[in-house]
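Structure at a glance
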Amino acid sequence: MNVGSGEFTVSAWIHPRALRKSAILSLGGQGWMQGWFLEIAEKGSLRLETSSAENQSNGIVATQEGIIRNNVW
């Protein structure tokens, strides 16, 4: 997969038991490896970030805080 060179869709059903920063799904991984990751960010927001082969962020998309809640699908 060439990150940043086309469109893609990510889908996941999540049911967090605690609101803390945690990974949900990734290709590559956190820490600036080429790919993308979807995570629960602080204060209940959902965050998707992509990074390039040069270990640079291609972009970040995040929801508003509070969109993710404990024990709710």
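Use the structure listed above.
In this report, the structure presented in the accompanying data block is examined. Remember, predicted model here, so these are calculated numbers, not experimental data.

1. What to know about the overall build of the protein
On a plain count of helices and strands, the protein comes out with zero helices and four strands. Mapped from its N terminus to its C terminus, the protein presents α and β elements in the order β-β-β-β. Looking at the protein as a whole, 26% of its 73 residues are labelled buried. Long-range pairs, those at least 24 residues apart, make up 30% of the contacts in the protein between residues at least 6 apart in sequence. For the protein, the accessible surface area stands at approximately 5200 Å², while carbon and sulfur atoms represent 49% of it.

2. Let's talk about the sheet that holds strand S4 (residues 57-62)
The four strands are arranged S1-S2-S3-S4 in an open sheet whose pairing can be described as antiparallel. In this open sheet, the two strands that pair with only one neighbour each are strand S1 (22-27) and S4. If you compare each strand with its neighbour and ignore which way they point, the axes differ by 15 degrees on average.

3. Overview of the pairing of strand S2 (residues 35-40)
Here S2 lies mainly inside the structure; six of its six residues are buried. Neither face of S2 is exposed, since Gly35, Phe37 and Glu39 on one face and Trp36, Leu38 and Ile40 on the opposite face are all buried. Relative to S2, S1 is paired through five bridges, and the arrangement is antiparallel. Across the sheet, residue Leu25 finds its bridge partner in S2, namely Leu38. Bridge count for S2 against strand S3 (residues 46-51) is six bridges, and the pairing is antiparallel. Across the sheet, Phe37 pairs through a bridge with Glu49, a residue of S3. Taking the residues that link successive antiparallel strands as the turn, the S2-S3 hairpin has five residues, and the phi of Lys43 there is positive, at about 60 degrees.

The rules behind the values
Residues numbered from 1 in each chain as written. Predicted model: local features only at pLDDT ≥ 70, side-chain atom pairs only at ≥ 80, totals over all residues. Heavy atoms only, no water. Helix = DSSP H or I, 4+ residues; strand = E, 2+ residues; numbered from the N terminus. Buried < 20%, exposed > 50% of the residue type's maximum accessible area, 1.4 Å probe, protein only. Contact = heavy atoms within 4.5 Å. Areas by Shrake-Rupley, 256 points an atom, 1.4 Å probe, with all protein chains shown as cover. Pairing = 2+ DSSP bridges. Axes fitted to C-alpha atoms, helices over the stretch in contact; angles between N-to-C directions.

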